Amino acid sequence: MTLDRVARDGLVLLGCGKMGTALLTGWLAAGVPPDSVWVIEPNPTDWLKGTGVHLNQGVPASPAVALLAVKPQMMGAALPALQALGNGKTLFVSIAAGTTIASFEAALGDRTPIVRTMPNTPSMVGRGITAICRNAHVPDADFALARALMAAVGQVVELAGEHQIDAVTGVSGSGPAYVFHLIEAMAAAGEAEGLSPEVAMQLARATVCGAGELAFQSPETAAQLRVNVTSPGGTTAAALAVLMDQATGFPPLLKRAVKAAADRGRELGK
């Protein structure tokens, strides 16, 4: 089991907010012993206090992994606590958006093995997807370990390199918010057609969740699933004529939205 090394040598989790909590929940469920985990978190929840992990008790001398789960703005203040582990055997894994591998190398030492990841919030219900990439100092065994750690909360994809992470941010990192907004917009449109706000929201939410689950479970492509719902000349076809318009519909709109998120990610990384 890839996580045996974590059980043996320990794992440091820097920051235990929503995403850190989701990951820690997954690791404990996967059999990582609580006493192999050291968490540094200034505002611990009651749940965290009850897990049995080492809480705000420093860090072990040479842990297998240090996972950085603090907000990018707090990274500068948080890193000094871990600087002693740089340039060594400890694998650093970051889930912070906008903080580049180069900036970690500058803070921790340029021989430090670093994996950068981009998870998303459905990780909180075990249905996340995380993209990962590494610097030149991460051996294959460490990369497999990083992959196993992130697989505790959902699917994992490996990137060709860090240059792709901003595109990932635009699609899956920020993407859950697009889907939540779709629910809002569908409900508002239902209200405009005469439904009560409560019924419109229930219909929109259940439809998006159900369609997502169908896409998750079905072997068919998204395009085929769309075709399956669409009778020629029917109601769905009428709606899709609007949504699939190449000038004003979803395709150009989402292309602009994803590009805006990716561009912002590139700015934050500078």
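Provided above is the structure to which this section pertains.
Residues numbered from 1 in each chain as written. Predicted model: local features only at pLDDT ≥ 70, side-chain atom pairs only at ≥ 80, totals over all residues. Heavy atoms only, no water.

## Concerning the packing of aromatic side chains
Applied cut-off: Each Phe, Tyr or Trp ring, with Trp reduced to its six-membered ring, pairs with another whose centre is within 6.5 Å; inter-plane angles below 30 degrees give stacked pairs, above 60 give edge-to-face pairs, and intermediate values give tilted ones. Over a ring means this: the NZ of a Lys or the CZ of an Arg is within 6 Å of the ring centre and within 35 degrees of the ring normal.
Using the criterion set out here, one finds 0 aromatic pairs in the structure. Positioned above the aromatic ring of F216 is the side chain of R127, whose terminal nitrogen or guanidinium carbon lies 3.7 Å from the ring centre.

## Looking at the layout of surface pockets
One way to see where empty space is left: roll a probe the size of a water molecule over the atoms. Note the threshold: Only protein atoms enter the 1 Å grid, on which a cavity is a set of points fitting a 1.4 Å probe that cannot get out and a pocket is an open set with protein on both sides within 12 Å along at least 5 of 7 lines, lining residues being those with an atom within 4 Å of a point. Grid points are joined across faces, edges and corners, and a volume is the space filled by probe spheres set on the points. Secondary structure elements are defined from DSSP: runs of H or I of at least 4 residues count as helices, runs of E of at least 2 residues count as strands, and each element is numbered from the N terminus. Residues were grouped as follows: Ala, Val, Leu, Ile, Met, Phe, Trp, Tyr, Cys and Pro as nonpolar; Asp, Glu, Lys and Arg as charged; and all remaining residues, including Gly, as polar.
Of the voids in this model, the second largest pocket is the one considered here, and its volume is about 790 Å³. Elements supplying a minimum of two residues to the lining of the second largest pocket: α2 (18–29), β6 (114–118), α7 (165–173), α8 (175–192) and α12 (250–268). For the lining of the second largest pocket, the element with the highest residue contribution is α12, accounting for 4 residues. Of the residues belonging to the lining of the second largest pocket, the class tally is 18 nonpolar, 11 polar and 6 charged.

## Notes on the nonpolar core
Let me state the cut-off plainly: Take the buried Ala, Val, Leu, Ile, Met, Phe, Trp, Tyr and Cys residues and link them wherever side-chain atoms come within 4.5 Å; each set so joined is a nonpolar core. For every residue, the accessible area (1.4 Å probe, protein chains only) is compared with the maximum for its type, and the residue is labelled buried under 20%, exposed over 50%, or partly exposed between those bounds. By the convention used here, residues are in contact when the closest approach between their heavy atoms is within 4.5 Å.
Among the nonpolar cores identified, the biggest contains 33 residues, and L13, L24, W27, V39, V65 and L67 are the most heavily contacted of them. Residue contacts for W27: discarding those within four places in its chain leaves L11, L13, V32, L67, L149 and A152. With 23 residues, the next largest nonpolar core counts W38, M75, L108 and V168 among its residues.

## Considerations on the pattern of salt bridges
What counts here: Salt bridge, as applied in this entry: a Lys or Arg side-chain nitrogen positioned within 4 Å of an Asp or Glu carboxyl oxygen.
Following the criterion strictly, the structure yields 10 salt bridges and no others. In this structure, D9 and R8 form a salt bridge, with 3.1 Å as the shortest nitrogen-oxygen distance. Judged by relative accessible area, D9 falls into the partly exposed class, the value being 28%. Note that R116 is salt-bridged to E162, the shortest N-O span being 2.8 Å. With R116 in strand β6 and E162 in the loop between β8 (154–158) and α7, this residue pair connects regions lying 46 residues apart in the sequence. Overall, the relative accessible area of 25% leaves E162 in the partly exposed class. Bridged by salt links that share partners, the residues K259, D263 and R266 form one connected network.

## A few points about the environment of A241
Mapped onto the elements, A241 comes out in helix α11 (residues 235–243). Owing to a relative accessible area of 53%, A241 belongs among the exposed residues under this scheme. On a C-alpha basis, the gap between A241 and V138 in space is 49 Å, while along the polypeptide they are 103 residues apart.

## Some remarks on the side chain of T169
Formally: Any pair of nitrogen or oxygen atoms within 3.5 Å is treated as a polar contact; in protein, a donor-acceptor pairing is required on top of that, and neighbouring residues in sequence qualify only through side-chain atoms on both sides.
Relative to the helices and strands, T169 resides in helix α7. Within the structure, T169 has its side chain in polar contact with the backbone oxygen of I165 (distance 2.9 Å).

## Let's talk about helix α9 (residues 197–217)
Our working definition: The span you would expect from a helix comes to 1.5 Å times its residue count less one. Directions from the helix axis toward the C-beta atoms define the arc.
The end-to-end C-alpha separation of α9 is 30 Å, in line with the 30 Å expected for 21 residues at 1.5 Å each. Among all positions in α9, only A200, A204 and V208 are buried. Angularly, the buried residues of α9 cover 55° about the axis, an arc narrow enough to put them on a single face. Facing away from the buried surface of α9 by more than 90 degrees, the exposed residues are E198, Q202, R205, A206, L214 and Q217. Elements that come into contact with the buried residues of α9 comprise α8.

## Details of the pairing of strand β1 (residues 11–14)
For clarity, the threshold we go by: Here a strand pair is declared whenever DSSP counts at least two bridges between the two strands. By the criterion used throughout, a crossover qualifies as right-handed when its path from the first strand across the helix to the second strand runs clockwise, the strands pointing away from the viewer.
On β1, burial covers both faces: L11 and L13 on one face and V12 and L14 on the other are all buried. Here β1 pairs with strand β2 (residues 37–40) via 4 bridges, running parallel. Paired with L11 across the bridge in β2 is V37. You can see the chain leave β1, run along α2 and come back into β2, and the turn it takes is right-handed. Here β1 pairs with strand β4 (residues 65–68) via 4 bridges, running parallel. Bridge pairing links L14 to L68 in β4.

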